[in-house]
Amino acid sequence: MVLSSIRPVLDGASAVETTQSAPSFDRAMADWTLYQVWQDQLEGDRADSSSSGGQANHGGTLAERERRARVMTVLTQHKPVCQLSKQDWQAAYNAARTMKAGANASIDPPTPLSELLTNDREEMIGHERVSALIGSMKQIQAHARFLDLTTIRPDDLKIKPVEKRDTPRTRGGQAFKTEEVEAIFSGYIYQGLLPTNKTKAYPFWYWLPLVGYFTGARTNEIAQLDTTDIRVIDGHPCFDFCPDPPNTFEAKRIKTGEARQVPIHPRLIELGFLEYAESQRLSKQKKLFGDGLTYLPPREGKTDHNKEGWAKSASKFFNETPGGYLVQIGIHKSNDGKSLYSFRHTLETNLSNAKRNGESLDRSVIDAITGHAAQTIAGKHYDDGATVQQKLNALLLIPMPDAIQRLTSYQADFVNRFGETLLKSIQSHRRRRSRPAAKP
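What counts and what doesn't
- Residues numbered from 1 in each chain as written.
- Predicted model: local features only at pLDDT ≥ 70, side-chain atom pairs only at ≥ 80, totals over all residues.
- Heavy atoms only, no water.
- Phe/Tyr/Trp six-rings, centres within 6.5 Å; stacked < 30°, edge-to-face > 60°.
- Helix = DSSP H or I, 4+ residues; strand = E, 2+ residues; numbered from the N terminus.
- Buried < 20%, exposed > 50% of the residue type's maximum accessible area, 1.4 Å probe, protein only.
- Arc of directions from axis to C-beta.
- Contact = heavy atoms within 4.5 Å.
- Pairing = 2+ DSSP bridges.
- Axes fitted to C-alpha atoms, helices over the stretch in contact; angles between N-to-C directions.
- Core = buried A, V, L, I, M, F, W, Y, C linked by side-chain atoms within 4.5 Å.
- Parallel < 35°, antiparallel > 145°, perpendicular 65-115°, else oblique.
- Nonpolar A, V, L, I, M, F, W, Y, C, P; charged D, E, K, R; others polar.

### Brief notes about the packing of aromatic side chains
Note on aromatic pairs: each is described by the distance of the centres and the angle between the planes.
Logical step 1: For the structure on display, the rule yields 33 aromatic pairs.
Logical step 2: Where Tyr 35 meets Trp 38, the ring centres are 5.6 Å apart and the plane angle is 45°; that geometry is what we call tilted. Highlighted residues: Tyr 35 and Trp 38, both in helix H2 (residues 34-47), separated by three residues, approximately one helical turn.
Logical step 3: When the centroid spacing of 5.4 Å and the interplanar angle of 70° are considered together, the rings of Tyr 276 and Tyr 410 count as edge-to-face. Of the two residues, Tyr 276 is situated in helix H10 (residues 273-282) and Tyr 410 in helix H17 (residues 410-432); the sequence distance between them amounts to 134 residues. For the residue pair Tyr 276 and Tyr 410, the accessibility class agrees, reading buried in each case.

In C-alpha coordinates:
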(Lines give C-alpha, C1' and ligand atoms only; values in the text may rest on other atoms or scores of the structure.)
Protein backbone atom coordinates (compact mmCIF):
# COMPACT_ATOMS: atom_id res chain seq x y z
CA MET A 1 0.00 0.00 0.00
CA VAL A 2 2.84 2.35 0.87
CA LEU A 3 4.57 1.66 -2.43
CA SER A 4 1.37 2.11 -4.37
CA SER A 5 0.72 5.41 -2.65
CA ILE A 6 4.12 6.90 -3.46
CA ARG A 7 4.45 5.52 -7.01
CA PRO A 8 2.59 8.47 -8.61
CA VAL A 9 5.02 10.79 -6.88
CA LEU A 10 8.00 8.81 -8.18
CA ASP A 11 6.54 8.69 -11.67
CA GLY A 12 6.00 12.44 -11.55
CA ALA A 13 9.60 13.06 -10.48
CA SER A 14 10.82 10.83 -13.31
CA ALA A 15 8.74 12.80 -15.78
CA VAL A 16 10.20 16.09 -14.54
CA GLU A 17 13.75 14.72 -14.77
CA THR A 18 13.13 13.52 -18.33
CA THR A 19 11.80 16.91 -19.32
CA GLN A 20 14.83 18.72 -17.87
CA SER A 21 17.34 16.48 -19.64
CA ALA A 22 15.60 16.72 -23.02
CA PRO A 23 17.50 18.77 -25.66
CA SER A 24 16.52 22.42 -25.63
CA PHE A 25 17.86 23.29 -29.09
CA ASP A 26 15.79 23.62 -32.24
CA ARG A 27 15.28 20.08 -33.56
CA ALA A 28 15.97 21.40 -37.07
CA MET A 29 19.61 21.74 -35.90
CA ALA A 30 19.90 18.11 -34.79
CA ASP A 31 22.17 17.20 -37.69
CA TRP A 32 24.23 20.39 -37.70
CA THR A 33 28.00 19.95 -37.76
CA LEU A 34 30.42 22.72 -36.85
CA TYR A 35 30.27 23.89 -40.46
CA GLN A 36 26.54 24.68 -40.18
CA VAL A 37 27.17 26.39 -36.83
CA TRP A 38 29.78 28.57 -38.54
CA GLN A 39 27.33 29.40 -41.34
CA ASP A 40 24.72 30.42 -38.78
CA GLN A 41 27.23 32.65 -37.01
CA LEU A 42 28.18 34.21 -40.36
CA GLU A 43 24.57 34.99 -41.21
CA GLY A 44 24.17 36.61 -37.81
CA ASP A 45 27.22 38.80 -38.44
CA ARG A 46 25.86 39.87 -41.83
CA ALA A 47 22.47 40.69 -40.38
CA ASP A 48 24.02 42.89 -37.67
CA SER A 49 24.12 46.27 -39.38
CA SER A 50 25.76 47.81 -36.31
CA SER A 51 28.90 45.75 -36.81
CA SER A 52 31.76 47.49 -38.61
CA GLY A 53 34.01 44.46 -38.73
CA GLY A 54 33.76 40.73 -38.35
CA GLN A 55 34.20 37.93 -40.81
CA ALA A 56 31.28 39.06 -42.97
CA ASN A 57 33.03 42.27 -43.99
CA HIS A 58 36.52 41.01 -44.84
CA GLY A 59 36.65 38.82 -47.93
CA GLY A 60 40.05 37.30 -47.31
CA THR A 61 39.38 36.62 -43.66
CA LEU A 62 36.01 35.15 -44.60
CA ALA A 63 37.63 32.71 -47.04
CA GLU A 64 40.17 31.64 -44.43
CA ARG A 65 37.53 31.17 -41.74
CA GLU A 66 35.40 29.14 -44.12
CA ARG A 67 38.41 26.88 -44.61
CA ARG A 68 38.84 26.61 -40.84
CA ALA A 69 35.17 25.68 -40.48
CA ARG A 70 35.77 22.79 -42.86
CA VAL A 71 38.86 21.78 -40.90
CA MET A 72 36.97 21.93 -37.58
CA THR A 73 34.24 19.72 -39.01
CA VAL A 74 36.81 17.12 -40.01
CA LEU A 75 38.54 17.39 -36.61
CA THR A 76 35.20 16.52 -34.97
CA GLN A 77 34.80 13.70 -37.52
CA HIS A 78 31.71 15.25 -39.12
CA LYS A 79 29.59 14.47 -36.05
CA PRO A 80 26.49 16.54 -35.23
CA VAL A 81 27.48 19.10 -32.62
CA CYS A 82 24.68 18.04 -30.25
CA GLN A 83 26.31 14.58 -30.11
CA LEU A 84 29.84 15.79 -29.29
CA SER A 85 30.94 14.66 -25.86
CA LYS A 86 33.53 16.40 -23.74
CA GLN A 87 36.00 13.76 -24.89
CA ASP A 88 35.15 14.52 -28.55
CA TRP A 89 35.82 18.24 -28.05
CA GLN A 90 39.10 17.50 -26.27
CA ALA A 91 40.21 15.12 -29.01
CA ALA A 92 39.47 17.75 -31.68
CA TYR A 93 41.57 20.41 -29.95
CA ASN A 94 44.39 17.91 -29.46
CA ALA A 95 44.26 16.84 -33.12
CA ALA A 96 44.49 20.47 -34.29
CA ARG A 97 48.09 20.52 -33.05
CA THR A 98 49.17 17.74 -35.42
CA MET A 99 47.58 18.97 -38.62
CA LYS A 100 49.43 18.40 -41.86
CA ALA A 101 50.45 21.51 -43.83
CA GLY A 102 48.58 21.85 -47.12
CA ALA A 103 46.01 19.16 -46.30
CA ASN A 104 42.60 19.61 -47.88
CA ALA A 105 39.47 19.44 -45.71
CA SER A 106 36.22 18.63 -47.50
CA ILE A 107 32.64 18.48 -46.24
CA ASP A 108 31.21 16.64 -49.23
CA PRO A 109 32.69 14.15 -49.74
CA PRO A 110 33.75 14.00 -46.08
CA THR A 111 37.49 13.97 -45.57
CA PRO A 112 38.58 11.31 -43.05
CA LEU A 113 40.33 12.70 -39.98
CA SER A 114 43.40 10.55 -40.68
CA GLU A 115 44.10 12.49 -43.90
CA LEU A 116 44.51 15.72 -41.95
CA LEU A 117 46.97 14.53 -39.33
CA THR A 118 50.66 13.65 -39.27
CA ASN A 119 53.21 12.54 -36.70
CA ASP A 120 56.08 14.17 -38.61
CA ARG A 121 56.79 17.61 -37.11
CA GLU A 122 58.38 18.74 -40.38
CA GLU A 123 55.02 18.20 -42.12
CA MET A 124 52.89 19.98 -39.51
CA ILE A 125 51.43 23.46 -39.92
CA GLY A 126 53.18 26.25 -38.03
CA HIS A 127 52.25 27.34 -34.53
CA GLU A 128 50.68 30.56 -35.77
CA ARG A 129 48.14 28.70 -37.90
CA VAL A 130 47.46 26.26 -35.06
CA SER A 131 46.78 29.16 -32.70
CA ALA A 132 44.48 30.82 -35.22
CA LEU A 133 42.58 27.58 -35.81
CA ILE A 134 42.12 26.92 -32.08
CA GLY A 135 40.97 30.51 -31.58
CA SER A 136 38.34 30.10 -34.32
CA MET A 137 37.22 26.77 -32.88
CA LYS A 138 36.65 28.40 -29.49
CA GLN A 139 34.48 31.05 -31.13
CA ILE A 140 32.39 28.45 -32.97
CA GLN A 141 32.07 26.39 -29.79
CA ALA A 142 30.80 29.50 -28.00
CA HIS A 143 28.20 30.03 -30.74
CA ALA A 144 27.16 26.37 -30.48
CA ARG A 145 26.55 26.96 -26.76
CA PHE A 146 24.46 30.01 -27.64
CA LEU A 147 22.35 27.74 -29.87
CA ASP A 148 22.08 25.21 -27.01
CA LEU A 149 23.78 22.57 -29.15
CA THR A 150 26.35 21.94 -26.42
CA THR A 151 26.83 22.74 -22.77
CA ILE A 152 30.59 22.29 -22.93
CA ARG A 153 32.82 25.38 -22.79
CA PRO A 154 36.45 25.71 -23.89
CA ASP A 155 37.25 26.39 -20.22
CA ASP A 156 35.98 22.89 -19.41
CA LEU A 157 38.78 21.43 -21.53
CA LYS A 158 42.56 21.27 -21.23
CA ILE A 159 43.72 23.53 -24.04
CA LYS A 160 47.37 24.32 -23.46
CA PRO A 161 49.08 27.34 -25.04
CA VAL A 162 50.50 26.49 -28.45
CA GLU A 163 54.26 26.18 -28.30
CA LYS A 164 56.30 27.99 -30.90
CA ARG A 165 57.18 25.66 -33.75
CA ASP A 166 59.82 26.70 -36.25
CA THR A 167 59.40 25.59 -39.83
CA PRO A 168 62.27 24.68 -42.16
CA ARG A 169 61.90 28.15 -43.70
CA THR A 170 62.12 30.13 -40.47
CA ARG A 171 64.38 27.88 -38.41
CA GLY A 172 67.70 29.57 -37.83
CA GLY A 173 66.45 32.92 -39.07
CA GLN A 174 68.45 35.79 -37.66
CA ALA A 175 68.00 39.50 -37.18
CA PHE A 176 70.35 41.88 -38.97
CA LYS A 177 73.10 43.40 -36.87
CA THR A 178 73.29 47.20 -36.67
CA GLU A 179 76.24 47.35 -39.04
CA GLU A 180 74.42 45.12 -41.52
CA VAL A 181 71.38 47.40 -41.53
CA GLU A 182 73.70 50.36 -42.15
CA ALA A 183 75.32 48.53 -45.05
CA ILE A 184 71.96 47.63 -46.64
CA PHE A 185 70.79 51.24 -46.71
CA SER A 186 74.17 52.53 -47.85
CA GLY A 187 74.49 50.29 -50.91
CA TYR A 188 74.07 51.15 -54.58
CA ILE A 189 70.26 51.16 -54.34
CA TYR A 190 70.35 54.18 -52.05
CA GLN A 191 73.59 56.05 -52.75
CA GLY A 192 76.90 56.03 -54.55
CA LEU A 193 77.82 54.91 -58.05
CA LEU A 194 75.44 52.73 -60.02
CA PRO A 195 76.67 49.26 -61.04
CA THR A 196 77.65 49.16 -64.69
CA ASN A 197 76.12 45.69 -65.08
CA LYS A 198 72.61 46.78 -64.03
CA THR A 199 70.51 47.42 -67.11
CA LYS A 200 67.20 47.48 -65.23
CA ALA A 201 65.82 49.12 -62.10
CA TYR A 202 62.47 48.90 -60.34
CA PRO A 203 60.77 50.77 -57.46
CA PHE A 204 60.55 47.67 -55.25
CA TRP A 205 64.34 47.76 -54.92
CA TYR A 206 64.07 50.96 -52.91
CA TRP A 207 60.87 50.32 -50.96
CA LEU A 208 60.87 46.66 -49.92
CA PRO A 209 63.82 46.88 -47.47
CA LEU A 210 62.46 50.12 -45.99
CA VAL A 211 58.94 48.76 -45.54
CA GLY A 212 60.41 45.55 -44.14
CA TYR A 213 62.46 47.46 -41.58
CA PHE A 214 59.52 49.57 -40.38
CA THR A 215 56.78 46.87 -40.39
CA GLY A 216 58.44 43.48 -39.91
CA ALA A 217 55.99 42.13 -42.48
CA ARG A 218 56.73 38.93 -44.37
CA THR A 219 58.31 39.39 -47.79
CA ASN A 220 55.25 38.15 -49.66
CA GLU A 221 52.94 40.36 -47.59
CA ILE A 222 54.85 43.43 -48.74
CA ALA A 223 55.42 42.38 -52.33
CA GLN A 224 51.75 41.53 -52.90
CA LEU A 225 50.29 44.83 -51.63
CA ASP A 226 47.63 46.47 -53.79
CA THR A 227 47.45 50.23 -54.17
CA THR A 228 44.09 50.04 -52.35
CA ASP A 229 45.85 48.50 -49.35
CA ILE A 230 47.27 51.91 -48.44
CA ARG A 231 44.50 53.68 -46.59
CA VAL A 232 43.79 55.97 -43.66
CA ILE A 233 42.54 54.24 -40.50
CA ASP A 234 41.68 56.19 -37.36
CA GLY A 235 43.39 59.22 -38.86
CA HIS A 236 46.67 57.44 -39.66
CA PRO A 237 47.95 56.20 -43.05
CA CYS A 238 48.27 52.42 -42.78
CA PHE A 239 49.27 49.27 -44.60
CA ASP A 240 46.27 46.96 -44.76
CA PHE A 241 47.84 43.52 -44.95
CA CYS A 242 44.82 41.48 -46.02
CA PRO A 243 44.26 38.24 -47.94
CA ASP A 244 42.04 37.57 -50.93
CA PRO A 245 39.62 34.67 -51.30
CA PRO A 246 41.72 31.70 -52.52
CA ASN A 247 40.28 31.59 -56.05
CA THR A 248 40.94 35.29 -56.74
CA PHE A 249 43.21 36.04 -59.69
CA GLU A 250 46.78 36.29 -58.32
CA ALA A 251 45.35 35.95 -54.82
CA LYS A 252 47.04 37.68 -51.91
CA ARG A 253 47.55 35.49 -48.86
CA ILE A 254 48.42 36.01 -45.22
CA LYS A 255 49.99 33.16 -43.31
CA THR A 256 47.41 33.21 -40.51
CA GLY A 257 44.57 34.29 -42.81
CA GLU A 258 43.85 37.28 -40.58
CA ALA A 259 44.02 40.82 -41.92
CA ARG A 260 45.94 43.39 -39.90
CA GLN A 261 46.61 47.09 -40.20
CA VAL A 262 50.06 48.54 -39.54
CA PRO A 263 50.66 52.32 -39.38
CA ILE A 264 53.05 53.73 -41.97
CA HIS A 265 56.11 54.99 -40.11
CA PRO A 266 56.62 58.78 -40.38
CA ARG A 267 60.07 58.24 -41.89
CA LEU A 268 58.52 56.40 -44.84
CA ILE A 269 56.11 59.29 -45.31
CA GLU A 270 59.01 61.76 -45.22
CA LEU A 271 60.75 59.77 -47.95
CA GLY A 272 57.72 60.11 -50.23
CA PHE A 273 55.98 56.78 -49.80
CA LEU A 274 52.45 58.19 -49.97
CA GLU A 275 53.31 60.15 -53.12
CA TYR A 276 54.68 56.96 -54.66
CA ALA A 277 51.48 55.05 -53.78
CA GLU A 278 49.37 57.83 -55.27
CA SER A 279 51.41 57.79 -58.48
CA GLN A 280 50.72 54.04 -58.82
CA ARG A 281 47.01 54.68 -58.37
CA LEU A 282 47.01 57.48 -60.92
CA SER A 283 48.74 55.10 -63.35
CA LYS A 284 45.86 52.65 -62.72
CA GLN A 285 48.25 50.06 -61.30
CA LYS A 286 46.57 47.43 -59.15
CA LYS A 287 49.81 46.34 -57.48
CA LEU A 288 51.82 48.74 -55.38
CA PHE A 289 55.16 47.10 -56.24
CA GLY A 290 54.11 45.11 -59.30
CA ASP A 291 56.67 46.72 -61.62
CA GLY A 292 59.48 44.19 -61.92
CA LEU A 293 57.76 41.45 -59.91
CA THR A 294 56.11 38.27 -61.18
CA TYR A 295 53.37 36.24 -59.52
CA LEU A 296 54.04 32.52 -59.20
CA PRO A 297 50.95 30.31 -58.83
CA PRO A 298 50.64 27.88 -55.88
CA ARG A 299 52.23 24.49 -56.14
CA GLU A 300 50.02 21.53 -57.02
CA GLY A 301 46.96 23.75 -57.22
CA LYS A 302 46.83 24.34 -53.45
CA THR A 303 45.16 27.73 -53.53
CA ASP A 304 44.54 27.66 -49.76
CA HIS A 305 48.23 27.98 -48.95
CA ASN A 306 50.38 29.55 -51.66
CA LYS A 307 53.96 29.88 -50.47
CA GLU A 308 55.15 31.32 -53.77
CA GLY A 309 53.07 34.35 -54.74
CA TRP A 310 55.07 37.54 -55.21
CA ALA A 311 57.84 36.72 -52.73
CA LYS A 312 59.87 34.48 -55.00
CA SER A 313 60.83 37.09 -57.59
CA ALA A 314 61.38 39.75 -54.90
CA SER A 315 63.65 37.45 -52.91
CA LYS A 316 65.54 36.49 -56.05
CA PHE A 317 66.76 40.05 -56.58
CA PHE A 318 67.89 40.46 -52.97
CA ASN A 319 69.06 36.96 -51.98
CA GLU A 320 70.10 34.96 -55.03
CA THR A 321 73.76 34.06 -55.49
CA PRO A 322 75.85 35.54 -57.05
CA GLY A 323 74.03 38.68 -58.20
CA GLY A 324 71.60 39.35 -55.37
CA TYR A 325 71.82 42.76 -53.72
CA LEU A 326 72.43 41.38 -50.22
CA VAL A 327 75.02 38.99 -51.66
CA GLN A 328 76.90 41.74 -53.47
CA ILE A 329 77.14 43.96 -50.39
CA GLY A 330 78.37 41.03 -48.29
CA ILE A 331 75.27 40.47 -46.11
CA HIS A 332 73.72 37.30 -47.51
CA LYS A 333 76.03 34.30 -47.25
CA SER A 334 75.25 30.62 -47.63
CA ASN A 335 73.76 29.00 -44.52
CA ASP A 336 73.92 32.13 -42.36
CA GLY A 337 70.17 32.70 -42.22
CA LYS A 338 70.41 36.32 -43.40
CA SER A 339 67.97 37.32 -46.14
CA LEU A 340 65.29 39.89 -46.90
CA TYR A 341 63.09 37.97 -44.43
CA SER A 342 65.55 38.90 -41.68
CA PHE A 343 63.92 42.33 -41.44
CA ARG A 344 61.06 40.51 -39.71
CA HIS A 345 63.40 39.16 -37.05
CA THR A 346 65.04 42.59 -36.83
CA LEU A 347 61.79 44.36 -36.01
CA GLU A 348 60.85 41.66 -33.48
CA THR A 349 64.22 42.14 -31.78
CA ASN A 350 64.00 45.94 -31.84
CA LEU A 351 60.49 46.03 -30.36
CA SER A 352 61.25 43.32 -27.79
CA ASN A 353 64.18 45.44 -26.55
CA ALA A 354 62.29 48.76 -26.74
CA LYS A 355 61.03 50.50 -23.62
CA ARG A 356 58.49 53.26 -23.12
CA ASN A 357 58.80 55.13 -19.83
CA GLY A 358 61.02 52.34 -18.56
CA GLU A 359 58.45 49.64 -19.36
CA SER A 360 58.76 46.94 -22.01
CA LEU A 361 56.14 46.85 -24.75
CA ASP A 362 53.19 44.54 -24.21
CA ARG A 363 53.70 41.40 -26.29
CA SER A 364 50.19 41.69 -27.71
CA VAL A 365 51.11 45.00 -29.38
CA ILE A 366 54.16 43.45 -31.05
CA ASP A 367 52.05 40.47 -32.18
CA ALA A 368 49.44 42.85 -33.60
CA ILE A 369 52.13 44.56 -35.72
CA THR A 370 53.84 41.41 -37.00
CA GLY A 371 50.72 39.30 -37.45
CA HIS A 372 51.65 36.59 -34.99
CA ALA A 373 48.76 34.77 -33.35
CA ALA A 374 48.26 36.24 -29.89
CA GLN A 375 50.41 34.54 -27.26
CA THR A 376 49.26 36.44 -24.18
CA ILE A 377 46.01 36.13 -22.25
CA ALA A 378 45.15 39.78 -23.00
CA GLY A 379 45.75 39.25 -26.69
CA LYS A 380 43.35 36.30 -26.82
CA HIS A 381 40.23 38.19 -25.72
CA TYR A 382 37.56 38.62 -28.37
CA ASP A 383 38.20 42.30 -28.90
CA ASP A 384 39.86 44.43 -31.55
CA GLY A 385 43.35 44.06 -30.10
CA ALA A 386 45.91 46.87 -30.15
CA THR A 387 44.70 50.15 -31.63
CA VAL A 388 46.38 51.86 -34.58
CA GLN A 389 47.66 54.53 -32.19
CA GLN A 390 49.17 51.93 -29.85
CA LYS A 391 50.91 50.26 -32.77
CA LEU A 392 52.22 53.59 -34.05
CA ASN A 393 53.54 54.47 -30.59
CA ALA A 394 55.43 51.18 -30.59
CA LEU A 395 56.85 51.68 -34.09
CA LEU A 396 58.17 55.10 -33.10
CA LEU A 397 60.51 53.30 -30.68
CA ILE A 398 62.35 51.53 -33.51
CA PRO A 399 65.98 52.71 -33.69
CA MET A 400 66.64 55.00 -36.65
CA PRO A 401 69.76 53.81 -38.53
CA ASP A 402 72.14 56.56 -39.62
CA ALA A 403 71.91 55.36 -43.22
CA ILE A 404 68.11 55.74 -43.27
CA GLN A 405 68.39 59.10 -41.56
CA ARG A 406 70.72 60.26 -44.34
CA LEU A 407 68.27 59.40 -47.11
CA THR A 408 66.63 62.37 -48.81
CA SER A 409 63.63 61.01 -50.71
CA TYR A 410 62.58 58.33 -53.18
CA GLN A 411 62.70 60.92 -55.94
CA ALA A 412 66.21 62.15 -55.14
CA ASP A 413 67.76 58.89 -53.92
CA PHE A 414 66.36 56.57 -56.56
CA VAL A 415 64.30 58.09 -59.40
CA ASN A 416 66.80 60.80 -60.25
CA ARG A 417 69.80 58.50 -59.90
CA PHE A 418 68.46 55.65 -62.06
CA GLY A 419 66.77 58.01 -64.52
CA GLU A 420 65.98 56.55 -67.96
CA THR A 421 66.92 53.03 -66.84
CA LEU A 422 64.12 53.07 -64.27
CA LEU A 423 61.57 54.58 -66.67
CA LYS A 424 62.32 52.12 -69.48
CA SER A 425 62.30 49.15 -67.10
CA ILE A 426 58.85 50.05 -65.79
CA GLN A 427 57.42 50.64 -69.27
CA SER A 428 58.86 47.38 -70.58
CA HIS A 429 57.53 45.37 -67.64
CA ARG A 430 54.03 46.79 -68.01
CA ARG A 431 53.97 45.96 -71.72
CA ARG A 432 55.14 42.39 -71.17
CA ARG A 433 53.06 41.64 -68.08
CA SER A 434 49.91 43.67 -68.28
CA ARG A 435 47.40 43.08 -65.48
CA PRO A 436 43.83 44.15 -64.79
CA ALA A 437 43.78 47.87 -64.04
CA ALA A 438 43.04 49.01 -60.52
CA LYS A 439 39.41 49.84 -59.84
CA PRO A 440 38.78 53.58 -59.52
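### Describing H10
Logical step 1: Among the residues of H10, Phe 273, Tyr 276, Ala 277 and Gln 280 are the ones counted as buried. Angularly, the buried residues of H10 cover 100° about the axis, an arc narrow enough to put them on a single face. Set apart from the buried face of H10 by more than 90 degrees, the exposed residues are Glu 275 and Leu 282.
Logical step 2: Elements in contact with the buried residues of H10: helix H7 (203-215), strand E1 (230-233), strand E2 (236-241), helix H9 (266-270) and H17.

### Some thoughts on unusual backbone geometry
Logical step 1: Omega for the bond connecting Asp 108 with Pro 109 falls within 30 degrees of zero, at 5°, which places this linkage in the cis form.
Logical step 2: Turning to its location among the elements, Pro 109 is positioned in the loop between helix H4 (86-96) and helix H5 (127-146).
Logical step 3: For the bond from Thr 321 to Pro 322, the omega torsion is 5°, close enough to zero to count as cis.
Logical step 4: Counting through the fold element by element, Pro 322 comes out in the loop between helix H11 (311-319) and helix H12 (325-328).
Logical step 5: For Asp 148, which is not glycine, the phi dihedral falls at a positive 65°.
Logical step 6: With respect to the element layout, Asp 148 can be found in the loop between H5 and helix H6 (178-184).
Logical step 7: In this structure, Asn 357 is a non-glycine residue whose phi angle is positive, near 55°.

### Quick notes on the sheet that holds E1
Logical step 1: Taking strand neighbours across the sheet as the criterion, the three strands line up as E1-E2-E3 in an open arrangement whose pairing is antiparallel. The sheet is open, and its two edges are formed by E1 and strand E3 (260-263), each paired on a single side. Pairs of neighbouring strands in the sheet enclose a mean axial angle of 45°, with direction left out of account.
Logical step 2: As defined by bridge partners, E2 adjoins E3 across four bridges and the pair is classed as antiparallel. Paired with Phe 241 across the strands is Arg 260, a residue of E3.
Logical step 3: Of the strands in this sheet, E1, E2 and E3 are in contact with helix H15 (residues 388-395), which crosses E3 at around 45°.

### Focus on the nonpolar core
Logical step 1: Within the largest apolar cluster, 65 residues are counted, with the highest numbers of intra-cluster contacts made by Leu 210 and Phe 289.
Logical step 2: With nine residues, the single largest contributor to this core is H7.
Logical step 3: Among all residues touching Phe 289, those that are not within four sequence positions of it are Phe 204, Trp 207, Leu 208, Val 211, Ile 222, Ala 223, Leu 225, Phe 273 and Tyr 276.
Logical step 4: Counting residues in hydrophobic clusters, the runner-up holds 38 residues, among them Val 74, Met 99, Leu 149 and Leu 157.

### Focus on the packing of H7 against H17
Logical step 1: Between H7 and H17, whose axes approach to 9 Å, the crossing angle comes to 140°. In this view, H7 runs oblique relative to H17, as classed from their interaxial angle. Residues Pro 203, Trp 205, Tyr 206 and Trp 207 of H7 lie in contact with H17, whose contacting residues are Tyr 410, Asp 413, Phe 414, Phe 418, Leu 422 and Ile 426.
Logical step 2: Residues belonging to the contact of H7 with H17 are distributed by class as follows: nine nonpolar, no polar and one charged.

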